[in-house]
Amino acid sequence: MDALELFKDAKKELNLADHIFFVALPVVQDKNVFLSILEHLNKCVMLAMKAYLLAQKKMKKLRIIPESEDLTRRLFFEEFMKELNIVTSEKHLVNEIIQVTRAYRKSQAEIKRGEDYVLFLPNFDTVVINEKSMKRYLSIARSFINKIEKGMPSWNSTSLRR
């Protein structure tokens, strides 16, 4: 797959997460809907990073792209954070999206407390997910995708809108 296709897939994942949040979630208040949104956001962020790294490899700025998601994320942030004008707070929030998704996958149990879902991890830590945090994650993912799109001079915005 080339970088443009990966990036289009990342935008599709973002749009799908956005649609689920604003259309499905108000109708169906379920933990599985939250999980679905997290999964789509996580996939969106990772696909965007891989697309950018692949484009950099084509331009001979990188020699290899790691297979591991952790190494991909680390390489992306260490090498291209300043180039894309990604601030540290955005980096932390993107990492938080990834960490919360992993936590949700590993969760031993979930309970609903008011509007919050509390996840219990194998090491007895807890993670709280609610609509406010989801809205923040959607916002940061959208900003992240836009910065990557602006950082790609060979892409034009009309080819990505299709």
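On a predicted model such as this, the values are computed, not experimentally measured, just so you know. (Residues numbered from 1 in each chain as written. Predicted model: local features only at pLDDT ≥ 70, side-chain atom pairs only at ≥ 80, totals over all residues. Heavy atoms only, no water.)

Okay, the pairing of strand β1 (residues 109-113) next. Across 5 bridges, β1 lies against strand β2 (residues 116-120) in antiparallel orientation. The residue bridging alanine 109 from the neighbouring strand is phenylalanine 120, located in β2. The antiparallel pairing of β1 with β2 creates a hairpin that spans 2 residues between the two strands, and glycine 114 there sits at a positive phi of about 70°. (Pairing = 2+ DSSP bridges. Helix = DSSP H or I, 4+ residues; strand = E, 2+ residues; numbered from the N terminus.)

Turning our attention to the pattern of salt bridges. Under the counting rule described, the total for this entry stands at 7 salt bridges. Here the residues in one salt-bridge network are Asp70, Arg73 and Arg102, joined through shared partners. (Salt bridge = Lys/Arg side-chain N within 4 Å of Asp/Glu carboxyl O.)

As a further point, take the pairing of strand β3 (residues 126-129). Across a regular strand the side chains alternate sides, sitting on one face of the sheet and then on the other. Across the two faces of β3 the burial differs, with Val127 and Ile129 buried and Thr126 and Val128 not buried at all. Note: β2 against β3, 4 bridges, orientation antiparallel. Bridged to leucine 119 within β3 is valine 127. (Buried < 20%, exposed > 50% of the residue type's maximum accessible area, 1.4 Å probe, protein only.)

Inspection of the secondary structure puts glutamate 13 in helix α1 (residues 3-27). Excluding its chain neighbours within four sequence positions, the residues that come into contact with glutamate 13 are His40, Lys43, Cys44 and Leu47. (Contact = heavy atoms within 4.5 Å.)

Turning next to the packing of helix α2 (residues 31-58) against helix α5 (residues 131-150). Contact geometry of α2 with α5 gives a least axis separation of 10 Å together with a crossing angle of 15°. The orientation of α2 relative to α5 falls into the category roughly parallel. As α2 packs across α5, the resulting crossing turns out to be left-handed. Where α2 approaches α5, its residues Phe34, Ile37, Leu38, Leu41, Cys44, Val45, Ala48, Met49 and Tyr52 are matched on the opposing element by Glu131, Met134, Tyr137, Leu138, Ala141, Phe144, Ile145 and Ile148. (Axes fitted to C-alpha atoms, helices over the stretch in contact; angles between N-to-C directions. Parallel < 35°, antiparallel > 145°, perpendicular 65-115°, else oblique. Left-handed = near helix turned anticlockwise from the far one by under 90°.)

Time to look at the packing of aromatic side chains. A full pass over the atoms with the stated rule returns 6 aromatic pairs. Where tyrosine 52 meets phenylalanine 76, the ring centres are 5.8 Å apart and the plane angle is 85°; that geometry is what we call edge-to-face. Pair noted here: tyrosine 52 is in helix α2 and phenylalanine 76 is in helix α3 (residues 69-80), with a separation of 24 residues, a long-range link. Of the residues examined, phenylalanine 76 reaches a relative accessible area of 0% and is grouped as buried. Where phenylalanine 76 meets phenylalanine 77, the ring centres are 5.4 Å apart and the plane angle is 75°; that geometry is what we call edge-to-face. (Phe/Tyr/Trp six-rings, centres within 6.5 Å; stacked < 30°, edge-to-face > 60°.)

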